[in-house]
Amino acid sequence: MQPVLVVDFGAQYAQLIARRVREARVYSEIVPSSMPVAEMLAKNPAAIILSGGPSSVYEPGAPQVDAALFEAGTPVFGICYGFQAMALALGGKVAKTGLREFGGTPLAVTTPGTLFDGLPAELSVWMSHGDSVSEAPSGFTVTATSDGAPVAAFENVARGFAGVQYHPEVMHSAHGQTVLEHFLYDIAGIAPEWTSANVIEEQVARIREQVGDKQVLCALSGGVDSAVAAALVHKAVGDQLTCVFVDHGLLRAGEAEQVENDYVAATGIKLRVFNAQDQFLGALAGVTDPEEKRKIIGREFIRCFEQAARELAAEGVEFLVQGTLYPDVVESGGGTGTANIKSHHNVGGLPDDLKFALVEPLRTLFKDEVRTIGLELGLPPEMIWRHPFPGPGLAIRIIGAVDQERLDILRAADLIARQELTNAGLDRDVWQFPVVLLADVRSVGVQGDGRTYGHPVVLRPVSSEDAMTADWSRLPYDLIARISTRITNEVSEVNRVTLDVTSKPPGTIEWE
């Protein structure tokens with residue numbers, strides 16, 4: 001499959017560009033701007049997109065576009081900095097106009113051409129630039145302008161080239177996805193054929209080739225990434241896969257049962273369950289420091305997993321499944337796909353001397369694509385649409401020491417919040433909905449004409465695309481009221497419910 005390469009010039013939106021291309025059912029990959037043109041072309045790209053970036057094209061050492069790229073016959077689309085670098089490499093002019101444009105900006109479409117075909121003559125788009133293209137390269141048609149960008153878009157359809165000064169990939173740019181698709185479909189001539197079925201077929205073949213007849217181990221956490229990765233491997237090699245689920249007693253209500261029953265019923269996977277609740281609670285007894293909690297949980301998980309590995313060693317296990325996603329690969333600078341386990345890997349921090357070859361069937365996918373694959377594989381929707389959940393579980397949503405009583409209180413309050421969110425049909429409008437128990441705080445209240453001295457809980461609904469930034473979700477007041485009323489009525493130890501309205505930054509999604 002020919003990829004569309006997104007050349008990253010240090011843009012904060014490079015991943016978003018790649019996602020938008022995939023939303024157009026076209027496969028994309030991100031490559032650094034330092035990659036030589038010959039290496040890019042060796043990937044046989046269907047098209048190349050030049051991303052934005054923080055530099056000025058005239059700064060010393062600023063990344064440039066090799067003019068050889070435009071002699072290869074590959075369609076190219078420039079965005080923001082990529083647009084300016086493209087113009088300069090093709091003989092156009094870039095200058096400081098004295099008019100900086102940041103944020104929402106009116107764009108005037110002067111000649112619809114192919115990029116803006118069928119779109120309004122005035123668009124509100126997202127700009128972020130100081131320099132501007134002042135003169136388009138020879139043979140290009142200028143198709144749009146703005147106050148700060150005399151050449152805000154251009155195209156040369158005969159050569160397969162086009163570009164825009166603004167960011168069509170962000171949601172704030174009206175009709176941005178349509179403009180990208182006009183380039184992909186109408187200028188680059190790419191057919192929208194990349195589907196979840198293609199991904200499954202391709203990954204199953206790769207897994208079979210990699211694993212052969214060897215045994216495979218997977219640490220199943222209950223989260224969507226490990227669940228979908230395991231399902232793909234199981235489809236490829238069947239009973240050669242054994243999943244290990246460590247029930248540390250820190251999951252939300254119903255989640256352990258979902259893994260043990262629903263997931264196995266849906267997939268037929270071999271599952272070994274380690275019930276380690278007493279082990280984890282014993283290790284956490286009296287500990288209040290959040291970092292120490294995390295280290296203890298990581299350590300105990302390692303011990304459980306080492307035990308599983310020793311028991312399975314006699315069966316010749318050589319491979320370990322890991323739910324690495326494409327953002328992990330990009331942010332870490334890439335990877336070869338097979339390596340010895342290091343303490344920083346997703347499976348919980350395994351020691352250096354526990355060596356397996358990695359099987360990472362999701363390493364080219366984004367989270368939304370993983371969910372689509374999971375649905376295609378028949379996994380339970382409740383697991384696919386599960387909100388992201390921290391590895392240490394409820395332990396870091398209890399402010400204070402962790403014990404069975406406090407876990408029971410938090411589980412009950414958390415279940416009510418999740419039930420009401422589901423009943424309101426808002427599960428997918430919220431990225432994550434932590435409920436936090438302020439275990440070391442007491443609040444005076446009154447219930448049944450009597451004084452109470454109970455715990456407060458905090459509701460923390462947040463909306464995000466990638467968890468790097470987030471805002472608190474504006475849930476309907478009547479929904480918040482129902483959650484509060486149910487919690488204080490049904491969880492006797494809680495007499496006060498509060499709402500966290502802090503964005504990220506300055507706050508984080510979790511409290512600890």
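If you're wondering where the values come from, they're calculated on a predicted model, not measured in any experiment. (Residues numbered from 1 in each chain as written. Predicted model: local features only at pLDDT ≥ 70, side-chain atom pairs only at ≥ 80, totals over all residues. Heavy atoms only, no water.)

Undergrad: What is the right way to look at the overall build of the chain in this model?
TA: Helix and strand counts for the chain stand at 14 helices and 20 strands. Taken over the C-alpha trace, the chain has a radius of gyration of 26 Å; the compact-globule value for 512 residues is 24 Å, and the two agree within 12%. C-alpha extents for the chain along the principal axes are approximately 80 × 65 × 40 Å. The contacts in the chain between residues at least 6 apart in sequence include a share of 74% that link residues at least 24 apart. Total accessible area on the chain stands at roughly 21,600 Å², and carbon and sulfur atoms take up 50% of it. The averaged location of the 65 negative side-chain charges in the chain is 4 Å from the averaged location of its 41 positive side-chain charges. (Helix = DSSP H or I, 4+ residues; strand = E, 2+ residues; numbered from the N terminus. Rg over C-alpha atoms; globule rule 2.2 N^0.38 Å. Contact = heavy atoms within 4.5 Å. Areas by Shrake-Rupley, 256 points an atom, 1.4 Å probe, with all protein chains shown as cover. Lys, Arg positive; Asp, Glu negative; His and termini not counted. Charge placed at Lys NZ, Arg CZ, Asp CG, Glu CD.)

Undergrad: Any chance you could explain the confidence of the model for the chain here in plain terms?
TA: Low-pLDDT stretches of the model should not have their predicted coordinates read in fine detail. Per-residue pLDDT for the chain has a mean of 86; in total, 92% of the residues score no lower than 70. Every residue in residues 335–351 is under pLDDT 50, and counting partners more than four places away or in other chains gives 47 contacts. (pLDDT = per-residue confidence, 0-100.)

Undergrad: What exactly am I supposed to notice about the nonpolar core here?
TA: Taken as a class, soluble globular proteins show a tendency for nonpolar side chains to be buried jointly. Formed by 91 residues in total, the largest nonpolar core has its most connected members in Leu241, Tyr263 and Ile487. For this core, the element with the most residues is helix α6 (residues 224–237), which contributes 10 residues. Residues contacting Ile487, with those up to four places away along its chain left out, are Ala413, Ile416, Val457, Leu459, Val494 and Val497. Within the second largest apolar cluster, 38 residues are counted, among which are Ala18, Ala24, Ile49 and Leu107. (Core = buried A, V, L, I, M, F, W, Y, C linked by side-chain atoms within 4.5 Å. Buried < 20%, exposed > 50% of the residue type's maximum accessible area, 1.4 Å probe, protein only.)

Undergrad: Whenever I open this one, unusual backbone geometry confuses me. Can you help?
TA: Comment: phi is negative for the bulk of residues other than glycine, and the bulk of peptide bonds are trans. Of note in the backbone geometry, Cys80 takes a positive phi value of approximately 55° without being a glycine. Summarising the element assignment, Cys80 is placed in the loop between β4 (76–79) and α3 (81–89). Even without glycine at this site, His175 takes up a positive phi of about 60°. Position of His175 relative to the elements: it lies in the loop between β9 (161–164) and α4 (176–187). According to the relative accessible area criterion, His175 is partly exposed, its value standing at 37%.

Undergrad: Sorry if this is basic, but what is going on with the pattern of salt bridges here?
TA: It is possible for side chains bearing opposite charge to pair when their charged atoms get close. Under the counting rule described, the total for this entry stands at 26 salt bridges. Close ionic contact of Arg20 with Glu23 constitutes a salt bridge, the shortest N to O distance being 2.9 Å. Here Arg20 and its partner Glu23 are both found in helix α1 (residues 14–23), three residues apart, which amounts to about one turn of the helix. A relative accessible area of 10% means that Arg20 is categorised as buried. Salt-bridge contacts for Asp440 lead to Arg406; the nearest nitrogen and oxygen are separated by 3.2 Å. Here Asp440 is found in the loop between β15 (435–437) and β16 (443–447), whereas its partner Arg406 is found in helix α13 (residues 404–423), with 34 residues between them in sequence. For Arg406, a relative accessible area of 17% translates into the label buried. (Salt bridge = Lys/Arg side-chain N within 4 Å of Asp/Glu carboxyl O.)

Undergrad: Please clarify how the packing of aromatic side chains should be interpreted in this entry.
TA: What characterises a pair of aromatic rings is the spacing of the ring centres plus the angle enclosed by the ring planes. All chains considered together, the criterion is met by seven aromatic pairs. An aromatic cluster of three or more residues is present, and its members are Phe70, Phe83, Phe140, Phe154 and Phe161. Seen from the ring of Phe366, Arg19 lies directly overhead, with NZ or CZ sitting 5.9 Å from the centre. The residue whose ring lies beneath Arg428 is Trp385, and the NZ or CZ to ring-centre distance is 3.8 Å. (Phe/Tyr/Trp six-rings, centres within 6.5 Å; stacked < 30°, edge-to-face > 60°. Lys NZ or Arg CZ within 6 Å of the ring centre and 35° of its normal.)

Undergrad: What's the story with the side chain of Glu512 in this structure? I'm lost.
TA: If you trace the backbone, Glu512 turns up in the segment after β20 (494–499). At 3.1 Å, the side chain of Glu512 and the side chain of Lys293 are in polar contact. If sequence neighbours within four positions are ignored, Glu512 has contacts with Thr288, Pro290, Lys293, Arg294, Ala395, Ile396, Ile398, Ile399 and Gly400. (Polar contact = N/O pair within 3.5 Å; in protein donor to acceptor, adjacent residues only side chain to side chain.)

Undergrad: I keep staring at the sheet that holds strand β12 (residues 270–275) and nothing clicks. Help me out?
TA: Where strands meet in a sheet, backbone hydrogen bonds hold them as pairs that are either parallel or antiparallel. An order of β12-β11-β10-β13-β14 is seen for the five strands of this open sheet, with the pairing classed as parallel. Two strands in the sheet have a free side with no partner beyond their single neighbour: β12 and β14 (357–359). Neighbour to neighbour, the strand axes of the sheet diverge by 30° on average, direction disregarded. Two elements, strand β10 (residues 215–219) and strand β13 (residues 317–321), share four bridges in a ladder whose sense is parallel. For Cys218, the partnering residue across the bridge sits in β13 and is Val321. (Pairing = 2+ DSSP bridges. Axes fitted to C-alpha atoms, helices over the stretch in contact; angles between N-to-C directions.)

Undergrad: Which parts of the structure should I look at to understand the environment of Trp472?
TA: Its location among the elements puts Trp472 in strand β19 (residues 471–472). Expressed as a C-alpha distance, the spacing of Trp472 and Gln432, which sit 40 residues apart in the sequence, is 9.7 Å.

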